[in-house]
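Structural overview for review
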Amino acid sequence: GAEFIDSYYFNQVEDIRFNSTVGKYVGYTELGLKNAEAWNKGSELAQELGELERVCKHNAAIYYGAVLDKT
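Residues numbered from 1 in each chain as written. Predicted model: local features only at pLDDT ≥ 70, side-chain atom pairs only at ≥ 80, totals over all residues. Heavy atoms only, no water.

Taking an unreviewed UniProt entry as the reference, the protein is identified by name as MHC class II antigen beta 1 belonging to Salvelinus namaycush.

With that out of the way, let us pick up the packing of aromatic side chains. According to the stated counting rule, one finds five aromatic pairs in the structure shown. Ring centres 5.2 Å apart and planes at 80 degrees place the aromatic pair Tyr-8 and Trp-39 in the edge-to-face group. Separated by 31 residues along the polypeptide, Tyr-8 in strand E1 (residues 5–10) and Trp-39 in helix H1 (residues 30–41) bring together distant segments of the chain. A residue is classified by how much of its surface remains accessible, and Tyr-8, at 28% relative accessible area, is partly exposed. Of the residues examined, Trp-39 reaches a relative accessible area of 21% and is grouped as partly exposed. (Phe/Tyr/Trp six-rings, centres within 6.5 Å; stacked < 30°, edge-to-face > 60°. Helix = DSSP H or I, 4+ residues; strand = E, 2+ residues; numbered from the N terminus. Buried < 20%, exposed > 50% of the residue type's maximum accessible area, 1.4 Å probe, protein only.)

Scanning the entire structure with this criterion turns up two salt bridges. Salt-bridge contacts for Glu-14 lead to Arg-17; the nearest nitrogen and oxygen are separated by 2.9 Å. According to the relative accessible area criterion, Glu-14 is buried, its value standing at 16%. Residue classification places Arg-17 among the partly exposed positions, given a relative accessible area of 23%. (Salt bridge = Lys/Arg side-chain N within 4 Å of Asp/Glu carboxyl O.)

Counting seven residues, the largest nonpolar core consists of Phe-4, Ile-16, Phe-18, Tyr-25, Ala-36, Leu-45 and Leu-52. Going through the elements one at a time, strand E2 (13–19) and helix H2 (43–70) are the ones with two or more residues in this core. If we ignore the near neighbours within four places in the chain, the residues touching Leu-45 are Phe-18, Gly-23, Lys-24, Tyr-25, Trp-39 and Asn-40. (Core = buried A, V, L, I, M, F, W, Y, C linked by side-chain atoms within 4.5 Å. Contact = heavy atoms within 4.5 Å.)

Another aspect to go through is the side chain of Asp-15. Relative to the helices and strands, Asp-15 resides in strand E2. Although Asp-15 is buried, it forms no salt bridge, and the closest oppositely charged side chain is Lys-34 at an N-O distance of 11 Å. Within polar-contact distance, the side chain of Asp-15 engages the backbone nitrogen of Gly-32 at 3.3 Å. (Lys, Arg positive; Asp, Glu negative; His and termini not counted. Polar contact = N/O pair within 3.5 Å; in protein donor to acceptor, adjacent residues only side chain to side chain.)

Secondary-structure assignment places Glu-3 in the segment before E1. A residue is classified by how much of its surface remains accessible, and Glu-3, at 46% relative accessible area, is partly exposed. Separated by 19 residues in the primary sequence, Glu-3 and Val-22 have C-alpha atoms spaced 9.7 Å apart. Once residues within four sequence positions are removed from consideration, Glu-3 is found in contact with Asn-19, Ser-20 and Thr-21.

Have a look at this one:
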């Protein structure tokens, strides 16, 4: 299956990443870890999961439709 990753950078360093495989935010810096913990408990996670549903499911349907048309 497809994996959706949404990365957030601060001063050109990846701070936080949302990964659809784990279904939550993961922090990579001290600040990122704190923010990821807060975001996973707040409305940010629900928004990210909604975006995942909207973007990935829609695009996957188009992609698979195109693949099936070619066979």
